[in-house]
Amino acid sequence: MINKVQSILNNNDNKEQDKPYEDCLPCKITGSLAFTGLGGYALHQAKVVNKIPGKQGTAVGLGVAGVVFISAGLFRLIV
């Protein structure tokens, strides 16, 4: 963003700086594993909490959060 502002102020049109940022493969893998691990942990905790009487709503919330985090991990890896 700062480079774009500087190029506008200096009237330098550099097409190389206009490319969108792309993550490297290790960054994608690390982010994907972090999201997927968090999702797996949330699903595990949902299974544990579901056994406690009166905590089924919490277990459902943790389960949904786990699925969302795992989906975010897969999305991070693919995109």
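All of these numbers come straight from a predicted model, not from anything done at the bench. (Residues numbered from 1 in each chain as written. Predicted model: local features only at pLDDT ≥ 70, side-chain atom pairs only at ≥ 80, totals over all residues. Heavy atoms only, no water.)

J.: What should I look at first to understand the UniProt feature "transmembrane region" (unreviewed entry) in the protein chain in this one?
T.: Within the UniProt annotation, "transmembrane region" (unreviewed entry) is assigned to residues 59–78. Split by type, residues 59–78 is 100% helix and 0% strand. Its first and last C-alpha atoms lie 29 Å apart. (UniProt positions renumbered as here; feature names shortened; annotations may be inferred. Helix = DSSP H or I, 4+ residues; strand = E, 2+ residues; numbered from the N terminus.)

J.: Before we go on, may I ask you to explain the side chain of Ser32 in this structure?
T.: Along the chain, Ser32 turns up in helix H2 (residues 25–49). Excluding residues that lie within four positions of it along the chain, Ser32 makes contacts with Gly73, Arg76 and Leu77. (Contact = heavy atoms within 4.5 Å.)

J.: I tried to follow the pattern of salt bridges on my own but got confused; where do I start?
T.: Pairs can form between side chains of opposite charge once their charged atoms are near each other. In the structure shown here, the tally under the stated rule is one salt bridge. One salt bridge connects Asp23 with Arg76, and the closest N-O pair in it is separated by 2.7 Å. Here Arg76 lies in helix H3 (residues 56–78) and Asp23 lies in the loop between helix H1 (2–10) and H2, a separation of 53 residues in the sequence. With relative accessibility at 24%, the residue Arg76 sits in the partly exposed group. (Salt bridge = Lys/Arg side-chain N within 4 Å of Asp/Glu carboxyl O. Buried < 20%, exposed > 50% of the residue type's maximum accessible area, 1.4 Å probe, protein only.)

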